[in-house]
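# Structural characterization, general
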Amino acid sequence: MIELKNAGCSFQDSLAPKGWFTAVSTLTACFENGGRYAIVGESGSGKTTLARMIAGLQRPSSGNISVDGSPVYGRAKAGKGHFKKVQIIQQNSTSALDPKLPVGRSIEEPLFCFFRMGKAQRRERCRQLMKLCNLPEGYYTRLPSELSGGEQKRVAIARALAAEPQCLIFDEATNGFDLPLRKKLINEIIDLQQQLGFTLLFITHDMELAVVVADEIFVMKNSNLVERTAFSGDYSVFHDPYSRMLLEAGGLIEAPADRNHKMKERIDVQ
Ligand SMILES: Nc1ncnc2c1ncn2[C@@H]1O[C@H](COP(=O)(O)OP(=O)(O)OP(=O)(O)O)[C@@H](O)[C@H]1O
Ligand SMILES: [Mg+2]
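Everything in this summary refers to the structure shown in the same document. Throughout, residues of each chain are indexed from 1 in the direction in which the sequence is written. Chains carry letters from A onward and ligands carry numbers from 1 onward, assigned in written order. The predicted origin of the model limits local features to residues at a pLDDT of at least 70 and limits the giving and counting of side-chain atom pairs to 80 or more, whereas totals for whole chains, interfaces and linings rest on all residues. Side-chain descriptors were evaluated using all non-hydrogen atoms of the structure, hydrogens and water having been removed beforehand.

Okay, the site of ligand 1 next. Any residue with a non-hydrogen atom lying within 4 Å of a molecule or strand is treated as near it. Close to ligand 1 lie 14 residues; Ser43, Gly44, Lys47, Thr49 and Gln91 are nearest. Here Gly44 contributes a backbone N or O atom positioned 2.8 Å from an oxygen atom of ligand 1. For the accessible areas, the method is Shrake-Rupley and the probe is 1.4 Å, while residue cover comes only from the protein chains on display. Surface burial for ligand 1 is 62%, taken as the share of its 640 Å² of free accessible area covered by protein chains. Every element with two or more residues in the shell around ligand 1 is listed here: β2 (20–31) and α1 (47–55). A per-element tally of the shell around ligand 1 places α1 first, with 3 residues. Pairs of N or O atoms are called polar contacts if they sit within 3.5 Å, as long as, within protein, a hydrogen donor faces a hydrogen acceptor (for residues adjacent in sequence, only side-chain-to-side-chain pairs). The numbering of helices and of strands both runs from the N terminus, where a helix is a DSSP run of H or I of at least 4 residues and a strand a run of E of at least 2.

Okay, here's the thing in structure tokens:
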């Protein structure tokens, strides 16, 4: 289980009133093992900063974060053990892959780093991971630049899965892709989570995606968590006006104005 206790993150900013800008206000939450969670909110609301704190890449400026009771940040930086447990697919997967490293070697790196696997064993595990992520075997020797954006994303997923993480964070996993590819990638992510049982933290701007992927949704606005709710198909569980605005923007519920308009239309017809 991942637990955040009053975890927050501020950055020094000479233009901010007190010299500090709050990217994530103190937040207390937990993510159960094997759960599917979405963190949704507008650009700049603090989603990536929160994800990076959980992934061990950004030390909180207040509070603490633990995984299965062990603190992520002690006196030192987050250690190798944490990176094995929690993997993140960063917002920009191109920069997450070494441009000079063939994709097979990229996927094999965590196999050596975390499991000290020998060459033949790595090759075989890499083949399995590529298959799991719908990557043709022949791509083993290709460079990232020889792959499409969607394929690069799959390589980043295969590489993250190589660590056999307990939790996988997808930061804007499908941003910038056309609708059919987005749907395909989302279905692949859900399938992988069901097969492998990792905790899924799915970060997105889109409420439409959040409700498809997650059983529990965290809504962030201006660095604050404005709502956290379990979701199983009934939109009335969302109460915060901002969450409802995101649902309206995604066409998942009618805006009150539309409802009034339609009601009026009906009355006019009668
Ligand atoms: N290292 C940093 N130094 C200073 N400010 C930062 C840093 N990282 C993030 N911020 C600021 O914190 C705020 C939240 O950024 P963050 O990347 O977490 O937002 P986000 O919700 O992921 O946005 P998007 O949806 O656009 O990816 C932004 O205003 C950003 O400029
Ligand atoms: Mg972000």
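Shown as donors are all N, O and S atoms within 2.8 Å of a metal ion, widened to 3.2 Å for Na, K and Ca; because water is not in the atom set, sites may appear incomplete. Of the protein atoms, only Thr48 (OG1) and Gln91 (OE1) coordinate the magnesium ion (ligand 2), at distances of 2.0 to 2.6 Å. Note that Thr48 is positioned in helix α1 and Gln91 in the loop between β6 (86–89) and α3 (93–96), a separation of 43 residues in sequence. Exposure remark for Gln91: the relative accessible area of 39% places this residue in the partly exposed category. The buried label goes to any residue with under 20% of its type's maximum accessible area, the exposed label to any with over 50%, and the partly exposed label to all in between, with areas taken from a 1.4 Å probe on protein chains only.

We define a salt bridge as a contact between a side-chain nitrogen of Lys or Arg and a carboxyl oxygen of Asp or Glu at a distance within 4 Å. Per the counting criterion, the structure on display carries 7 salt bridges. Where Glu109 meets Arg159, a salt bridge forms, and the shortest distance between an N and an O atom there is 2.8 Å. Residue Glu109 is found in helix α4 (residues 103–115), and its partner Arg159 is found in helix α6 (residues 149–162); the two are separated by 50 residues along the sequence. According to the relative accessible area criterion, Arg159 is partly exposed, its value standing at 23%. For the salt bridge of Lys184 with Glu188, the shortest nitrogen-to-oxygen distance reads 3.4 Å. Placement of the pair is Lys184 and Glu188 together in helix α7 (residues 179–196), with a separation of 4 residues, close to one helical turn. Under the relative-accessibility criterion, Lys184 is labelled partly exposed at 45%.

This part takes up helix α9 (residues 241–249). When we look at burial in α9, the residues that qualify are Tyr242, Ser243, Leu246 and Leu247. Each buried residue of α9 lies within a common arc of 145 degrees when the element is viewed along its axis, so the set occupies one face. Away from its buried face by more than 90 degrees, α9 exposes Pro241 and Ala249. Contacts are assigned to residue pairs with any non-hydrogen atoms lying within 4.5 Å of each other. Taken together, the buried residues of α9 touch β3 (36–41), α8 (207–213), β9 (216–221) and β10 (224–230). For α9, the side-chain oxygen to backbone nitrogen distance between the N-cap and Tyr242 is 2.8 Å, and the N-cap itself is Asp240. An arc is given here, and it is the one of the directions from the helix axis to the C-beta atoms.

Positionally, Gln193 belongs in helix α7. What makes Gln193 buried here is its relative accessible area of 6%. The contact partners of Gln193, leaving out residues within four places of it in the chain, are Gly34, Gly35, Arg36, Phe198 and Leu200.

With that settled, consider empty space enclosed by the protein. Space inside and on the surface of the protein is sampled on a 1 Å grid over the protein atoms alone, with a cavity defined as a set of points where a 1.4 Å probe fits but cannot get out and a pocket as an open set with protein on both sides within 12 Å along at least 5 of 7 lines; lining residues have an atom within 4 Å of a point. Grid points are joined across faces, edges and corners, and a volume is the space filled by probe spheres set on the points. A full pass over the atoms with the stated rule returns 1 cavity of 30 Å³ or more. When its volume is computed, the largest cavity comes out at roughly 30 Å³. Sorting the residues of the lining of the largest cavity by element identifies α6 and α7 as the ones contributing at least two each. Counting residues per element, the lining of the largest cavity draws most heavily on α7, which supplies 4 residues. For this classification, Asp, Glu, Lys and Arg are treated as charged, while Ala, Val, Leu, Ile, Met, Phe, Trp, Tyr, Cys and Pro are nonpolar and the rest, including Gly, are polar. Counted by class, the lining of the largest cavity contains 5 nonpolar, no polar and 2 charged residues.

Moving on to the packing of aromatic side chains. Two aromatic rings are characterised by how far apart their centres lie and by the angle between their planes. To pair, rings of Phe, Tyr and Trp, with the six-membered ring standing in for Trp, must have centres within 6.5 Å; the planes then decide the type, stacked if under 30 degrees apart, edge-to-face if over 60, and tilted in the middle. In this structure the tally under the stated criterion is 5 aromatic pairs. On the numbers, 6.2 Å between centres and 65 degrees between planes, the contact of Tyr37 with Phe218 is edge-to-face. Note that Tyr37 is positioned in strand β3 and Phe218 in strand β9, a separation of 181 residues in sequence. Like Phe218, Tyr37 is buried. Seen in terms of ring centroids, Phe231 and Tyr235 are 5.3 Å apart; in terms of plane orientation they differ by 25 degrees. Their pairing is stacked.

Within the secondary structure, Ser62 sits in strand β4 (residues 62–67). By relative accessible area, which is 28% here, Ser62 ends up partly exposed. For the pair Ser62 and Gly8, spaced 54 residues apart in sequence, the C-alpha to C-alpha distance is 5.2 Å. Contacts of Ser62, omitting those with residues within four sequence positions, involve Asn6, Ala7, Gly8 and Thr26. Reaching out from Ser62, the side chain makes a polar contact with the backbone oxygen of Asn6 at a distance of 3.4 Å.

So, to be careful, I would describe these as geometric facts and stop short of saying anything about function.
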